[in-house]
Amino acid sequence: GMQQCFLLFVEAAYGLDRAGAASLFIALAISGLAVQMFVLPVLMPRVTITKALILGLGLQLLQSAVLTFVHSTIAVLVACVLGGFGSIVFPCVCALKANAAPEQEQGRVQGAVSSLQSAALGLGPVVYGSAFAYLAGPGAPGGQPLPSATFSLSIAVLSVALALSATLHRHIPEDLKHPTAPPVVRRTVSTRRVTST
């Protein structure tokens, strides 16, 4: 929901037109792409999945805090770059579910994860849109529009997610904490000679 109301937020809080807001979306997309291409391949062999998940959630929390408490267009750009690091989260969730579920249950677990993601994608815009309409509209608390306060909702939700993620390392066996590399197939060359008799 946060990304869906982002355009409304930059228009209301900073007076940016759609072209200006689009440039911020481009910064977010480039940041996410850079994280997927350059950061994740270096990060994942060095840390556990749970630590990478905590890092991604922590940076999304920082993004929401910047959008809530710092009021400048440069801060919004920094928040967009931080938001790109949020692209770490879903691969970590997928890796955790893939490593935790037995092979015959993979489809059921993937279906559950996809259902939760779809529910969040449907419910998020409704919740954030309603919060934004209330906080940026004439009925805002104190009579002053507070469009950036919408992101305090993200701070609350991400704080809970971060706290829960911090406990995951206790519940996951050690061998499942690191993503597994595909098995290395080694070719062996026989040194025996076959002789005919």
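This is a predicted model, so every value here is computed, not measured.

Basis of the calculations
- Residues numbered from 1 in each chain as written.
- Predicted model: local features only at pLDDT ≥ 70, side-chain atom pairs only at ≥ 80, totals over all residues.
- Heavy atoms only, no water.
- Axes fitted to C-alpha atoms, helices over the stretch in contact; angles between N-to-C directions.
- Helix = DSSP H or I, 4+ residues; strand = E, 2+ residues; numbered from the N terminus.
- Parallel < 35°, antiparallel > 145°, perpendicular 65-115°, else oblique.
- Left-handed = near helix turned anticlockwise from the far one by under 90°.
- Contact = heavy atoms within 4.5 Å.
- Nonpolar A, V, L, I, M, F, W, Y, C, P; charged D, E, K, R; others polar.
- Buried < 20%, exposed > 50% of the residue type's maximum accessible area, 1.4 Å probe, protein only.
- Phe/Tyr/Trp six-rings, centres within 6.5 Å; stacked < 30°, edge-to-face > 60°.

1. A look at the packing of helix α3 (residues 49-69) against helix α5 (residues 89-100)
Contact geometry of α3 with α5 gives a least axis separation of 9 Å together with a crossing angle of 150 degrees. Judged by the angle between their axes, α3 and α5 are roughly antiparallel. Considering how the two elements wind past one another, α3 and α5 form a crossing that is left-handed. Taking contact as the criterion, the partners of Ile49, Thr50, Ala52, Leu53, Gly56, Leu57 and Gln60 in α3 are, on α5, Val89, Cys92, Val93, Ala95, Leu96 and Asn99. The residue makeup of the contact of α3 with α5, split by class, is nine nonpolar, four polar and no charged.

2. Things to note about the environment of Leu82
Its location among the elements puts Leu82 in helix α4 (residues 73-84). Take Leu82: its relative accessible area is 14%, and that puts it in the buried class. Through-space distance from the C-alpha of Leu82 to that of Leu28 is 8.0 Å; in sequence the pair is 54 residues apart. Beyond its immediate stretch of four places on either side in the chain, Leu82 contacts Leu59, Leu62, Gln63 and Val66.

3. Re the packing of aromatic side chains
Centre-to-centre distance and the angle between the planes together describe a pair of aromatic rings. The full count for this structure, using the stated rule, is four aromatic pairs. Ring geometry for Phe6 against Phe25: centres 5.5 Å apart, planes inclined by 75 degrees, an arrangement best described as edge-to-face. Taken together, the residues Phe6 in helix α1 (residues 2-14) and Phe25 in helix α2 (residues 18-43) connect sequence positions 19 residues apart. An angle of 90 degrees between the planes, with centres 5.8 Å apart, marks the rings of Phe9 and Tyr14 as edge-to-face.

Shape is all these values report; function is a separate question.
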